[in-house]
Amino acid sequence: QIENLFMSHYAVKSCAVVSMPDKVDTNAPWAVIVLKDEYQGMEEIVKNQLITLFNNSSLPPYFLPAEFRFYEELPHTNIGKVDYTEVQKTLKKTLK
């Protein structure tokens, strides 16, 4: 649901939402966003617009991603789908 909402934003090329540990040792959604080429460098603006888009949606507040990360591309499986396991591994490396 979060991914579908964020994909509706004009600047978002692709996105993945994964569960990651947060500060209180539970899991929280994190959004990994790939921007269309013409919106590169506008990460903070797009992040604020995505938060506004989320707040205006009917999704429950606890669905709001705790973190937004912007990547140039997402890893894909052999059949072309987003590799969520690899996304989580990459995010976990950035936490160390």
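Above this text is the structure in question.
These lines cover the structure that appears in this document, whether it is placed above or below. From a predicted model like this one, the values you see are computed outputs, not experimental measurements.

About the criteria used
- Residues numbered from 1 in each chain as written.
- Predicted model: local features only at pLDDT ≥ 70, side-chain atom pairs only at ≥ 80, totals over all residues.
- Heavy atoms only, no water.
- Phe/Tyr/Trp six-rings, centres within 6.5 Å; stacked < 30°, edge-to-face > 60°.
- Helix = DSSP H or I, 4+ residues; strand = E, 2+ residues; numbered from the N terminus.
- Buried < 20%, exposed > 50% of the residue type's maximum accessible area, 1.4 Å probe, protein only.
- Pairing = 2+ DSSP bridges.
- Axes fitted to C-alpha atoms, helices over the stretch in contact; angles between N-to-C directions.
- Contact = heavy atoms within 4.5 Å.

### Side note on the packing of aromatic side chains
Okay, so step 1: A full pass over the atoms with the stated rule returns three aromatic pairs.
Okay, so step 2: Taking the centre distance of 5.7 Å and the plane angle of 35° together, the rings of phenylalanine 6 and phenylalanine 68 count as tilted. Placement of the pair is phenylalanine 6 in helix α1 (residues 2-7) and phenylalanine 68 in strand β3 (residues 67-71), with a sequence separation of 62 residues. The residues phenylalanine 6 and phenylalanine 68 share a single accessibility class, namely buried.
Okay, so step 3: Pairing tyrosine 10 with tyrosine 39 gives two aromatic rings, centres 5.4 Å apart and planes at 65°, and the pair type is edge-to-face. Separated by 29 residues along the polypeptide, tyrosine 10 in the loop between α1 and β1 (12-21) and tyrosine 39 in the loop between β2 (27-35) and α2 (43-55) bring together distant segments of the chain.
Okay, so step 4: Accessibility expressed as a relative area gives 46% for tyrosine 10, which makes it partly exposed.
Okay, so step 5: Take tyrosine 39: its relative accessible area is 21%, and that puts it in the partly exposed class.

### Focus: the sheet that holds β3
Okay, so step 1: If you walk across this open sheet you meet the three strands as β1-β2-β3, and the pairing is mixed. If you trace the sheet from one side to the other, it starts and ends with β1 and β3, each paired once. This sheet shows a mean twist of 25° between the axes of neighbouring strands, independent of strand direction.
Okay, so step 2: Pairing of β1 with β2, which is carried by nine bridges, proceeds in the antiparallel orientation. Bridge pairing in β2 links serine 19 to proline 29.
Okay, so step 3: Together, β1, β2 and β3 form the strand contacts of α2, whose direction differs from that of β3 by roughly 135°.
Okay, so step 4: Sheet strands touched by helix α3 (residues 84-95): β1, β2 and β3. Its angle to β1, the strand with the most contacts, is close to 65°.

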